[in-house]
Amino acid sequence: MANKILGTSIKRREDPAFLRGEAQFIDDITLPNMLHMAILYSSQAHGLIKSIDTSIAQSMPGVVKVITASDTSEIMPLPCIMNPGGEASKFPPHPYGVPGAQTVLATDKVRYVGEFVAVVVAESRQQAYDALAGIKVDYLPLPIETNAEAALKPDAPQLHDTVPGNLNQYNSYGDKRATQQVIANAEVVVKQRIRYPRLIHHAEEPRGSIGDYNPEKQEHTLWTNTQIPHGNRFLLSQLVMKIPYNKLRVIAPHIGGAFGSKGYLYPDTVLVLFLAKELGRPIKWIDTRTGLARSTVHGRDQIHYSTLAGTKDGKITALHDTIYANLGAYPATNGPAAPTALTGRSVTGAYAIAHPFSEIYCAFTNTVPVGPLRGAGRAEAMFLIERMVEIFAREIGMDSAEVRRKNMVPPDQFPYENGLGWTYDSGNYEAALEKALEMIDYSHILEQKAEAKKRNKLLGVGIGSYVGISGVGPSPMMHNQIGLIGSTWGSVHLRVHPSGEVSLIVGSQPHGQGHVTTLSQVAAEVLGVDIEQIEVLHSDTKGAIYAQGSYGSRTFSVEGATVYQASKKINEKARRMAAHMLQVAESDVVIQDGKFYVQGRPDQVRTLQDIALALWYAWDLPAGMEPGLEVITFFDPPNFNFPFGTHTVLVEVDEETGQVDVVKYAAVDDFGNIGNPQIVDSQTHGNIHLGISQALCEEAVYDSKGQILTDNYMTYAIAKASQLPNFEIARTVTPNPNTAIGAKGAGDVANLPTAAAIVNAVCDALSDFKVKHIDIPLTPEKVWRAMSASC
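Here goes a summary of the coordinates provided. All of these numbers come straight from a predicted model, not from anything done at the bench.

Notes on the packing of helix 15 (residues 515-527) against helix 16 (residues 555-582)
- Interaxial distance between helix 15 and helix 16 falls to 9 Å at its minimum, and their mutual angle equals 30 degrees. Here helix 15 lies roughly parallel to helix 16, going by the angle between them. Pair helix 15 / helix 16 crosses with right-handed handedness. Contacts between helix 15 and helix 16 involve His-515, Thr-518, Leu-519, Val-522, Ala-523, Val-526 and Leu-527 from the former and Thr-555, Phe-556, Glu-559, Gly-560, Val-563, Tyr-564, Ser-567, Lys-568, Ile-570 and Asn-571 from the latter.
- Partitioned by chemical class, the residues of the contact of helix 15 with helix 16 number nine nonpolar, six polar and two charged.

Re unusual backbone geometry
- Cis geometry marks the peptide bond from Phe-414 to Pro-415, where omega comes out at -5 degrees.
- Inspection of the secondary structure assignment puts Pro-415 in the loop between helix 11 (400-407) and strand 16 (416-417).
- A cis amide bond, omega 5 degrees, links Gly-473 with the succeeding residue Pro-474.
- Tracing the chain through its elements places Pro-474 in the loop between strand 18 (457-467) and helix 14 (475-480).
- Unusually for a residue other than glycine, Phe-259 sits at a positive phi of about 60 degrees.

What about the sheet that holds strand 3 (residues 63-67)?
- Strand order in the open sheet formed by seven strands is 3-5-1-12-9-10-11, and the pairing between neighbours is mixed. The two strands at the open ends of the sheet, each matched to only one other strand, are strand 3 and strand 11 (248-251). The sheet shows a mean angle of 20 degrees between the axes of neighbouring strands, taken without regard to direction.
- In terms of strand pairing, strand 9 (residues 208-214) meets strand 12 (residues 283-286) through four bridges, oriented antiparallel. Counterpart to Gly-208 in the pairing with strand 12 is Ile-286.
- Contacts from helix 6 (residues 229-240) reach strand 10 (219-224) and strand 11, with the element oriented near 150 degrees to strand 11.
- Contacting strand 1 (35-41), strand 3, strand 5 (116-122), strand 9, strand 10, strand 11 and strand 12, helix 7 (residues 267-279) runs over the sheet at an angle of about 30 degrees to strand 9.

About the thresholds
Residues numbered from 1 in each chain as written. Predicted model: local features only at pLDDT ≥ 70, side-chain atom pairs only at ≥ 80, totals over all residues. Heavy atoms only, no water. Axes fitted to C-alpha atoms, helices over the stretch in contact; angles between N-to-C directions. Helix = DSSP H or I, 4+ residues; strand = E, 2+ residues; numbered from the N terminus. Parallel < 35°, antiparallel > 145°, perpendicular 65-115°, else oblique. Left-handed = near helix turned anticlockwise from the far one by under 90°. Contact = heavy atoms within 4.5 Å. Nonpolar A, V, L, I, M, F, W, Y, C, P; charged D, E, K, R; others polar. Pairing = 2+ DSSP bridges.

This is how it looks when you write it as structure tokens:
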């Protein structure tokens, strides 16, 4: 790879359009004769719909149509495509026998505040939203429950007739009996209830959709800010609307952030397509910030009851974790996967624990549906194990760094089976730990504590180690073990034009990660072409091969590996053609920097452009060779990939107020080989920010009536830049052995240890107060009360 472009920090090719204001987002799209849609959200968390009166709204200025569920009876319910629990699981019904979810509009009953009840279409957006006040809904309130554990009790209100006791599914991993026996005989046993609160995906841009219908061609077009345009196309056409697959086109414009929130099929996409055909005009819907909090999928929301056992000299021997996972009122498109496969299989973290066991109860409640959020499932698992390791270390009076050293999976044990279903591919966990400790000056922590004490501050140090599960594959495992109705391979269509320019049609769906730049770097490196000669096409299902989208930190490690394979195939065909043109054996042709020359005779050379042109003309081809220089390549990874690392943090706690300040943060991550360091650094910064924000202030709060109290930026706190220290980041490199580029996931994994590291630091700062654990978020009041309780 003589070009040395892959692995370097070139500037993002996407940025000029953003900086000039030319990038087009969903709300920038205006079609001729377009109408606007507004959605009436349920004001009740649980209730029967006795009647809906739309007469006033229908007569209001600019209103074209008002619809309710009775108008959408031919539309099938949304499906859930993830069912880790198999046949024993219970879902709302779907006519095709797949797991069902919610209907596009509530029929006889509402189950959470924010469920779609009615729709107004008007000439302007303001008129549509104004008319919502003219819709009168008569509800018969029903009892509500917002807590997953309480929802499973015998006297809890029932949400779905087809889901007895509100239990969607029960999953378990590991050997329960063996784990319990080891715990019963252990020298040391620690137990803790740990709650990970519900979070809201507050992307910069709320969701939006535009539907259009061409009656002449009988074609539907959907613009929507989704992470999975091809997935939306398949689900809408095959499982919801009965639209012929070739008559539906889905286009994703630029997306202002997603963090997992736009990786679903939402009812609004169905409604704009349905109404566009019904009314013969394009339909546009743009959500509000409050609407986002009430109807866009939430994240996290788990309760853990954990028991960890070990020896007095610090060896961990068993872990038993019981998880109550809140799915909300309906299963999101892939909602059950995060708490089951991702949390339940991952609770051992970076440690070799001989006897692990986890069990997960997935419950329906009267809340917004829950699904993957950046670091989905793994953030909850790493929080759990890192807190338990810290509690265990404190119980036996051993330094927590030493406990980690004693229990981390050693480098010579890879590939390592964690006992819960994952096989870690590679790693050197202790190397990352030692580097992170050095960066925080761990050996002089007592001196740092003394210095802080002089300023009337309580200083604490926290460690958070992690193993991420990324890449999402292979497809057989995703279906057979995790219950996916779908596939997870990468796909690329690579074409070298007669001009020597390159078109790269990729299966990933960028929403801020720099995919165009990084995937261009892969092709430029292998093909030896200038990166400006490469166009990257994405986000449009028209004329594209089927693609998976972007989620689970898979783009560079899976789609990038697919681009690499496709580029190598191009080179191999070009080598054969070059040998024919140069009249030498194929084995005599050397490839370097986009040139093909005879070994030892660099003057006998053909460029990639020469070869592409010759293949385009096709005047003289080797026997059996087809014209053209292009390939379609698929890559199904043989395993997930497993990035890892350790983060360390120093916090200062104000003893009088409980205010927590993060004063130093050091992160050491191992993402395998990386494509663009600057882009990866930016992703790491964003992940740490999210982790700090989760630890200190983020939480979606419901009241006793099921009303969400944190539905805007005034009530839902997000950590400000002023609350963040400068991040000190470093990396180790342990290549992924299962792909040619050796990459592991980086997009969402660096937030996995952050919240745990901060809670560990705060509990360390409060060690004199005998504070064992504080659930996040660590608000000043909560920290102050923890200190006061010991006085």
